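# Reading the structure
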Amino acid sequence: MAVRGQGTPNLHEPGVVRAFVDEAARRGLLAGAAELDGREPFPAVAAGRAADG
């Protein structure tokens, strides 16, 4: 899944999985049981990774 203007986050790169965990925490999904389409956080993670350089 490509994000407009950014590449797809590569789960093999350092920091990418952590970015997904941070995004899930930001959305309040780590406090208990939650269901989420795994593609929903991709734009936020890709944008954050692009901003980090």
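In every chain, residue numbers begin from 1 and rise along the written sequence. Whole-chain, interface and lining totals are the exception, using all residues; otherwise, since this is a predicted model, local features are given only for residues with pLDDT of at least 70 and side-chain atom pairs are given and counted only at 80 or more. To get the side-chain values, all heavy atoms of the structure are used, and hydrogens and water are removed first.

## Structural notes on the overall build of the protein chain
Comment: elements are numbered from the N terminus, with helices defined as DSSP H or I runs of at least four residues and strands as E runs of at least two. Within the protein chain, the regular secondary structure consists of 2 helices and 0 strands. Relative accessible area decides the class of each residue, using a 1.4 Å probe on protein chains only: under 20% of the type maximum gives buried, over 50% gives exposed, and in between gives partly exposed. Relative to its 53 residues, the protein chain shows a buried fraction of 21%. The protein chains shown are the only cover counted for residues, whose accessible areas, like all others here, come from Shrake-Rupley with a 1.4 Å probe. Accessible surface, the protein chain as shown: approximately 3900 Å² in total, 52% of it carbon and sulfur.

## Some remarks on the side chain of Glu-23
Note that Glu-23 resides in helix H1 (residues 16-26). Residue Glu-23 is classed as buried on the basis of its relative accessible area, which comes to 9%. A polar side-chain atom of Glu-23 sits 2.8 Å from a polar atom in the side chain of Arg-27. Residue contacts are defined here by distance: any two heavy atoms, one from each residue, within 4.5 Å place the two residues in contact. Ignoring any residue separated from it by four or fewer positions in sequence, one finds Glu-23 in contact with Pro-41, Ala-44 and Val-45. Polar contact is the term for a pair of N or O atoms within 3.5 Å; when the atoms are in protein, one must be able to donate a hydrogen and the other to accept it, and sequence-neighboring residues count only if both atoms are side-chain atoms.

## Looking at the pattern of salt bridges
By definition, a salt bridge exists where a carboxyl oxygen of Asp or Glu is found within 4 Å of a side-chain nitrogen of Lys or Arg. Using the criterion set out here, one finds 5 salt bridges in the structure. The partner of Glu-23 in a salt bridge is Arg-26, and the shortest N-O contact between them spans 2.6 Å. One end of the pair is Glu-23 and the other is Arg-26, both in helix H1 and 3 residues apart, which spans about a single turn. Where Asp-37 meets Arg-39, a salt bridge forms, and the shortest distance between an N and an O atom there is 3.1 Å. A cluster of three or more residues bridged by salt bridges with shared partners is formed by Glu-23, Arg-26, Arg-27 and Glu-40.

## With respect to the nonpolar core
By nonpolar core is meant a set of buried Ala, Val, Leu, Ile, Met, Phe, Trp, Tyr and Cys residues that side-chain atoms within 4.5 Å join together. Within the largest apolar cluster, 5 residues are counted, these being Val-16, Ala-19, Phe-20, Phe-42 and Val-45. Put simply, the parts of the chain that give this core at least two residues each are H1 and helix H2 (42-52). Those residues in contact with Ala-19 that lie beyond four places of it in its chain are Val-45 and Arg-49.

That's the geometry; what it means functionally is another story.
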